[in-house]
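# Tertiary structure, described
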Amino acid sequence: MADFFYELGRKEAQRLRAEAKGLDGTAIIDREASVPDFEPQKDYSGWPCGAPVADDGQVWTLLQPYNAAEHPGRPAELRTLWGLCHTKDPAKAKAWVTPMGTSGMYMKDECYRDADGAVWRCKGDNTVQDAKALPSRWEQVTI
């Protein structure tokens, strides 16, 4: 029976990988149970751009296929290779990650959860500072 569920999960992860390029962060995070964990020795060179992985509580999408064994580091450290997903669903908000350049900027209605557990919704596109640093761009959300 365990083999059946493993195979079912593998197929769903492959389906999500194939569809992910056409999905936004909210849709990918909605299917987070099907997002595979990042593997630091995996060859991602055959993966399509947009394919998601989970790492350190975040969901990342592949920007540039590569072999992770040849380029050490995790998605948060390899921002030219991995893009950060955000969600518009406050219940699924992830911890704040500081954007790097255009990678990981928060867009209108995307949410994050701060260190105290409060959830914040972005009020405008291209936001690179959190609610503490730029309160005018954020509104607190009650879940």
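Up top you'll find the structure we're talking about.
Moving on, we get to the pairing of strand S2 (residues 58–62). With 5 of its 5 residues buried, S2 lies for the most part within the structure. Covered by surrounding structure in S2 are Gln58, Trp60 and Leu62 together with Val59 and Thr61, the residues of both alternating faces. In terms of strand pairing, strand S1 (residues 52–55) meets S2 through 4 bridges, oriented antiparallel. Looking at S2, one finds that Asp55 is bridged to Gln58. The hairpin formed by S1 and S2 contains 2 residues between the paired strands, and Asp56 there has a positive phi angle of roughly 55°.

Counted according to the given criterion, the structure contains 8 salt bridges. Notably, a salt bridge pairs Glu12 with Arg31, separated by 2.9 Å at the nearest N-O pair. Residue Glu12 is found in helix H1 (residues 2–19), and its partner Arg31 is found in the loop between helix H2 (25–30) and S1; the two are separated by 19 residues along the sequence. By relative accessible area, Arg31 is classed as partly exposed at 23%. Its salt-bridge partner being Glu32, residue Lys94 comes within 2.7 Å of it at the nearest N-O pair. Taken as a pair, Lys94 in strand S4 (residues 94–95) and Glu32 in the loop between H2 and S1 lie far apart in primary sequence, 62 residues in all. Residue classification places Lys94 among the buried positions, given a relative accessible area of 15%. One network of salt bridges, in which partners are shared, links Glu12, Arg15, Glu19 and Arg31.

A few words now on the packing of aromatic side chains. In this structure the tally under the stated criterion is 12 aromatic pairs. Taking the centre distance of 4.8 Å and the plane angle of 80° together, the rings of Tyr44 and Trp47 count as edge-to-face. Arranged with centres 6.1 Å apart and planes meeting at 80°, the rings of Tyr66 and Trp82 form a pair that is edge-to-face. Note that Tyr66 is positioned in the loop between S2 and strand S3 (82–84) and Trp82 in strand S3, a separation of 16 residues in sequence. Look at Tyr66 and you get buried, because its relative accessible area is 5%. The buried category is assigned to Trp82, whose relative accessible area is 0%.

The rules behind these values
- Residues numbered from 1 in each chain as written.
- Predicted model: local features only at pLDDT ≥ 70, side-chain atom pairs only at ≥ 80, totals over all residues.
- Heavy atoms only, no water.
- Buried < 20%, exposed > 50% of the residue type's maximum accessible area, 1.4 Å probe, protein only.
- Helix = DSSP H or I, 4+ residues; strand = E, 2+ residues; numbered from the N terminus.
- Pairing = 2+ DSSP bridges.
- Salt bridge = Lys/Arg side-chain N within 4 Å of Asp/Glu carboxyl O.
- Phe/Tyr/Trp six-rings, centres within 6.5 Å; stacked < 30°, edge-to-face > 60°.

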